[in-house]
Structure formats: C-alpha cells, structure tokens
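# Descriptive analysis of the structure
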Amino acid sequence: MTRAWNFSAGPAAMPEAVLQQAASEMLDWHGSGMGVMEMSHRGKEFISIYEQAEADLRELLAVPANFRILFMQGGGLAENAIVPLNLSQGGAMDFVLTGSWSQKSHKEAGKYGNARVAATAQADGFSTLPDPALWQIGTDSRYVHICGNETIHGVEFHELPDLKALGCDAPLVVDFSSHVASRPVDWSRVGLAFGGAQKNLGPAGLTLVIVREDLIGRALSACPSAFDYKLVADNQSMYNTPPTYSIYMAGLVFQWLKAQGGVTAMEQRNIAKAQLLYDFIDGSQLYTNPVDKACRSRMNVPFFLRGDDGQPLMDATHPRNTAFLNATKAAGLLQLKGHKSVGGMRASIYNAMPIEGVQALIACMRDFEKTQA
Ligand SMILES: *Cc1c(COP(=O)(O)O)cnc(C)c1O
C-alpha cells in the first residue's frame, strides 16, 4: 500500500495513525463486541466516546466554561442559516466579506433578517483583509460575522478583531471550518465559532459549534428544533441522533493532536510548513500567489503558474496547467487543482500534512519549473 501526499481542501487527509486505529477498532470497539457505527447513541459505550471527545476538544482549544460545545450536522453551509435562525432575532447582522465563504454566509443570512456588509475586500480580488478599524458596524447589530480562513481565496485572519475595542458590543461569529485546531483561539473575542469537521478535524458529517452560553435560547420560532442551539445544548447534542461515527473519528484526531503537543505545537508546525511553501513560490519565476503577505493562509495556499508573458494562467485548460497536474500526480501528489471559481492550483496543508509532504511538493514544483524554462 502506498499513500500519496493528499492536498485536498476537504474532505481532507487524515492522520495515518488515526486511520490505523479506526481500522483496528472497526469490528470490535474495546471488547464491546460491536463497531462504533453499530452502537446506540444512548448506550454507555458511545456516551463514553462522546464525553471523551468533548473533554479533549475543550482542553485542546482551551474553551472556557461559559461556552457550550455542540456536535451538529449540516456542515458550514447549514450554519449559514442556523446561526441567523438562532442569533438574529429577526434584526440586523453585519458581515465582513473576505472571499467566497463569507459571501455565501452573507447571502444566506439575508433570508432571515437584514444582512448588511460591514466591509468587503472584493475590489481587491479578495487578496487582502479590510482593516477592522474601518468596518461599518451598526449599533443595532445582533452579531458580526467573519470567515477566519477563506479556504478558496487563501486569506486568513491571524488575529481576531477585538470588537469591544472598536466600540461594538455585538458578538463575533467566526466560521473557522478550515483552520480550527490549527492554532489557539482567543475566546475573549468570540461569541460563537462554527466549522465543518472535514477540513481539519475528521470525516464529513460532523459540524462543530462552540457558543457562549448567554447567546443560547434566542432562536426564532421558525428555527427547526434539531437546529435550535438550546435544544441541542440541553440534550448534550443528542436531541436527535448525532453523527456518531464522525464524532468518534474526530475524537481520535483530538487524541492524536494532544499527543502531538496540542494546538500551540501544531501552530508552530503549520507556520513552518506554510513559510516553506510561500518562500519557494515567492522565489520562483514560474509560480505566484496573489495574497497580501500579512494575511496569507497557513492552511490553504492557492497559486498560479505563469504563462510565457509572465502573467498568471487563469485558464484551467491551459496545457501548462494540465502538464503541472500530470507531473504532480505522477509524483504522488494529489488534489492540487484550484477551486473552479478561481482556477489555478491550491495546496491545502492542514494539521495532518507533515512537512515531508510540503517538501515533496516543493521538489516536484522545482523540477517542473526546470522543464518549462
Ligand atoms: C468547506 C467550508 C464550508 C462549507 O462546509 P460544508 O460542510 O460543505 O457545508 C464553509 N465555510 C468554510 C470556511 C469552508 O472551508
């Protein structure tokens, strides 16, 4: 068996040790005589898996006691509706548009209330972050939404905005789908954070919501019961059947993260990996990354190949792009094609990607550049 280096943006590569452990426990979990998929979510076996996963996550992310951890379903996109259903109270919400994902969140929230744009980086092609000091946040704002890491455009907040310091009392909502657990979170600045698991935590199907207690219990009456944070919280995420196997897998990832030294250790590795790749791209003649250096994502590195005229090749069908993808695939480097909305290439280098994978990618990119001279 050979496992390739997998640069998928999500569902993404999992730590190999986690997959091996899951494989060994597939048929019989801890002598219970059954696999995790086959357990009642109300049985003592699964409850112990769930409680361990929650406790490990709380420890890893240093989640304060006045925040609840909810294991939900529906992915990041469902939260684009579930958050306004729970927090908007039919009022106004402010969105900072920094790429495709925050744009989607803004559009969806408009179905449930007055979704305003506090700032947008669209005019810059989403290659930079608008300065928080210039955000236009209404005094009646129910919450301010940001996407912590724009998975498609490769733009990341390296510091969460301090809304209180900007004179704003509204809670900050962060979509942290694609950088959760890659770095510590400053919870003093956060009201709610949500994310799908399939980028950095585990398999698809699980959606993590971490919400300050005082924000629970405000849902619109039209909010589906299964998505009402109060019902979910009051029932320990088991108001209805939770995604049991995905919770188990995420729990194994949490244990793996703890064994790696936790999220501060992961952050150091992620900085080193990203630095290596960006430095190579910046130093090359063939490759280019369009994002401002101050807000480049450590998780998702979009890049373009240049044409003979030196301009980025936006056309996905250009023979040089095709040749690059063939060369990387032949070298055992998978899923490097950029998102169809922006074109080019994208290397997603989440927690599970070791530095050796980034080194292999750079070696292949360097070899390919030589063939194009
Ligand atoms: C992937 C992603 C989503 C969407 O997640 P789904 O699980 O497909 O709904 C939302 N936000 C961000 C930042 C993402 O990377």
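Heads up: the structure comes first, above all this text.
Now for a look at the structure at hand. (Residues numbered from 1 in each chain as written. Predicted model: local features only at pLDDT ≥ 70, side-chain atom pairs only at ≥ 80, totals over all residues. Heavy atoms only, no water.)

### Some thoughts on helix H7 (residues 262-283)
Taking 1.5 Å of rise per residue, 22 residues should cover 32 Å, and H7 covers 32 Å from first to last C-alpha, within 8% of that figure. When we look at burial in H7, the residues that qualify are Gly262, Val263, Met266, Glu267, Asn270, Lys273, Ala274, Leu277, Tyr278, Phe280 and Ile281. Packing partners of the buried residues in H7 comprise helix H2 (44-60), helix H6 (244-259), strand S11 (287-288), strand S12 (300-305), strand S14 (345-348) and helix H9 (355-371). (Helix = DSSP H or I, 4+ residues; strand = E, 2+ residues; numbered from the N terminus. Expected span 1.5 Å × (residues − 1). Buried < 20%, exposed > 50% of the residue type's maximum accessible area, 1.4 Å probe, protein only. Contact = heavy atoms within 4.5 Å.)

### Comments concerning the sheet that holds strand S3 (residues 92-97)
Judged by pairing direction, the sheet is mixed, and its seven strands sit side by side in the order S2-S10-S9-S8-S5-S3-S4 without closing on themselves. Edge positions in the sheet fall to strand S2 (67-72) and strand S4 (114-120), since each of these pairs with one other strand and no more. For this sheet the average axis-to-axis angle between neighbouring strands, irrespective of direction, equals 20 degrees. Where strand S9 (residues 192-196) meets strand S10 (residues 207-212), five bridges bridge the pair, whose relative direction is antiparallel. By the bridge assignment, Gly196 is partnered in S10 with Thr207. Lying over the sheet, helix H3 (residues 75-87) contacts S2, S3, strand S5 (141-147), strand S8 (172-175), S9 and S10, oriented at roughly 155 degrees with respect to S9. (Pairing = 2+ DSSP bridges. Axes fitted to C-alpha atoms, helices over the stretch in contact; angles between N-to-C directions.)

### Quick look at unusual backbone geometry
Each neighbour pair has its own omega, and for Gly10 with Pro11 the value is -10 degrees, a cis peptide bond. The phi dihedral of Ala62 is positive, around 50 degrees, even though this residue is not glycine. Tracing the backbone shows Ala62 in the loop between H2 and S2. Accessibility expressed as a relative area gives 52% for Ala62, which makes it exposed.

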